[in-house]
Each structure stands twice: as C-alpha cells, then as structure tokens.
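# Descriptive structure summary
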Amino acid sequence: MRTILRVTGPDREHFLQGLVTNDVRRAPVWAALLTPQGKYLADFFIVPDGASLLIDVDARLADDLLRRLSMYKLRSQVEIATTPLTVTRGTGPAPEGAIADPRHPALGWRLYADAPGDEDATDWDALRVAHLVPESLVELVPNENYPLEAGFERLQGVDFRKGCYVGQEVTARMKHKTELRKGLARVRIEGEAAPGTPILTEDGREAGTLGTVAGTHALAHLRFDRAPAGSTLTAGTARLTPDDATP
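Remember, predicted model here, so these are calculated numbers, not experimental data.

## With respect to the packing of aromatic side chains
A full pass over the atoms with the stated rule returns one aromatic pair. Ring geometry for Trp 30 against Phe 152: centres 4.1 Å apart, planes inclined by 15 degrees, an arrangement best described as stacked. Note that Trp 30 is positioned in strand E2 (residues 29-34) and Phe 152 in the loop between helix H3 (124-130) and helix H4 (168-177), a separation of 122 residues in sequence. When the ring centre of Trp 30 is taken as reference, the NZ or CZ atom of Arg 103 above it lies at 5.8 Å. Directly above the ring of Phe 160 sits Lys 175, whose terminal nitrogen or CZ lies 5.3 Å from the centroid.

## Things to note about unusual backbone geometry
Leave glycine aside and you will find that most residues have negative phi; peptide bonds, for their part, are mostly trans. In the segment running from Ala 27 into Pro 28, the intervening peptide bond is cis, with an omega of 15 degrees. Looking at where Pro 28 falls in the secondary structure, it is placed in the loop between helix H1 (12-17) and E2. Phi at Gln 156 takes a positive value of approximately 60 degrees, unusual for a residue other than glycine. Mapped onto the secondary structure, Gln 156 falls in the loop between H3 and H4.

## A short note on the pattern of salt bridges
Here the structure, examined in full by the defined rule, presents 20 salt bridges. Between Arg 110 and Asp 56 there is a salt bridge; the shortest N-O distance is 2.9 Å. Here Asp 56 lies in strand E4 (residues 52-58) and Arg 110 lies in strand E8 (residues 109-113), a separation of 54 residues in the sequence. When sorted by exposure, Arg 110 lands in the same class as Asp 56, which is buried. A single salt-bridge network, built from bridges that share partners, covers Arg 2, Asp 56, Asp 101, Arg 103 and Arg 110.

## So, the domain arrangement of the protein
For the protein, the assigned domains read domain 1 (2-176) and domain 2 (180-242). Each of domain 1 and domain 2 has a C-alpha centre, and the two are 27 Å apart. Counting from both sides, the interface comprises 16 residues of domain 1 and, opposite them, 14 residues of domain 2. With both sides pooled, the region where domain 1 packs onto domain 2 buries about 1,200 Å², and carbon together with sulfur makes up 67% of that total. On the surface where domain 1 and domain 2 come into contact, there are zero salt bridges. Inspection of the domain 1/domain 2 interface yields six residue pairs in polar contact (both at pLDDT 80 or more). Considering every element that reaches the side of domain 1 that touches domain 2, the biggest residue donor is H3, with five residues. Here the side of domain 1 that touches domain 2 is built from residues that sort into ten nonpolar, two polar and four charged.

Procedures and definitions
- Residues numbered from 1 in each chain as written.
- Predicted model: local features only at pLDDT ≥ 70, side-chain atom pairs only at ≥ 80, totals over all residues.
- Heavy atoms only, no water.
- Phe/Tyr/Trp six-rings, centres within 6.5 Å; stacked < 30°, edge-to-face > 60°.
- Helix = DSSP H or I, 4+ residues; strand = E, 2+ residues; numbered from the N terminus.
- Lys NZ or Arg CZ within 6 Å of the ring centre and 35° of its normal.
- Salt bridge = Lys/Arg side-chain N within 4 Å of Asp/Glu carboxyl O.
- Buried < 20%, exposed > 50% of the residue type's maximum accessible area, 1.4 Å probe, protein only.
- Domains from an automatic or database assignment.
- Contact = heavy atoms within 4.5 Å.
- Buried area = accessible area lost by both parts, 1.4 Å probe.
- Polar contact = N/O pair within 3.5 Å; in protein donor to acceptor, adjacent residues only side chain to side chain.
- Nonpolar A, V, L, I, M, F, W, Y, C, P; charged D, E, K, R; others polar.

Listed below in structure tokens is the structure:
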C-alpha cells in the first residue's frame, strides 16, 4: 500500500530541495530522507502535480515521514497533507498522465488518480530482483541502511551536484573517499528462507542479510569481502551463491 502526500505553497520546491537526496527541480524523481548521520529513513517518489508536489511513499512509513517533514517546516511557506490519491503501476503501454518510473526503464510507469486502475500481471518482486531494486522495509530498513550501499546512485536516487541536504556530508564522503565494503547484490538460492534471515559463510561468519526472494534468485545485503562471486553461503537451511552477473 502507498500513501500520497501533497506539498503546496510557494516554498515547496526549495523546502524539499534542502532535505532529500535528489534534485527536486528534475521531478519526477526517486529520493530519500536520511538521518544527519546519512542513514536511510524513508524513500519515495516526488511527482509534480500542477502547483503542488506529490510524495508517493510506502504507507507504513507515511506517518513518520509526515511528522519529520512537518518538523523541518519552521518558517517555510509550505503545507503538507495526506490525499486520497492512489497509484497504479504497470509495464505495458503507459496510460495518459502516467510517469515513467525514474529508477529503471524496466520498472514501467506509475499513474496517480482518485481511484485505482487495472494493474497488469507483472511479477514486481522478480523484476526488482533482476534489476537490483530495493524495497521499503525489506532491503531498505530505517536507521540501518546507507543509500549508496542500497544502490541509490545506480538507480538515480541521489544527486551529487544539487547542494546540501540532510545526511549529505556522509553520503558524499562514502562516494568520494571510501570503497563500499557492503552493498546490495543478487544471489542464487536453493531452498527456502525468509527475508531478514542472516547470511553466513561456510565457516559461520556473518556475511549479510537476505532480502526479497523471487524463484531461484534473491536480493541480499552482503559484505563483499566475505561473499565473493561463486562462494557458498547459507541463510537458514537455504544455500546461496552470489551472482557474478550485473543487471
């Protein structure tokens, strides 16, 4: 389920520009709100809608996001409110008024309307696994993940030229001064295991956490030094092999 917030007022663009990871001036965009320490709090789509901006967020994150945005308002001339709008998505021909999903061309389109439309039979989990696209509260856990480790740069979710935002200093330092030692990867899986199951090396060391499972493949957050391509890992009773293919 998704919640659609509406941001209105003359300062709406400037207000969000100073808070989120992406350049609001290029909306529609996918972006995130981070902690001052650079950790993920919520991800969402920002979509222009006349004289307002829509924020399309997982419904389970909406109340906390609204509270945090309201906290940052101070003297900004903005109003933020929930709406009854719904979102329909698909990968076939896009209906009038739909926007392309800004993360990856394979993810199709999103349409905002008063009533839900007919969705096609797309297997969204399989599509996300194939293209290493994280999901809110599965691969993206508040106060736990860093955006670059979750693929935000590859998926157009962060802009390094837009200027300051909450958590920008840590994100920029990870981009320019360090090599990522952990990150989102695709693994082959034999057996069954639930998202969140710890991943272990053959000698029992922690190597990461399992994410979305779709058929014979899954997403996982891995420590790259302990999970090179072709190695054997376990998640519960399931056996995992990091995939050496790229999306």
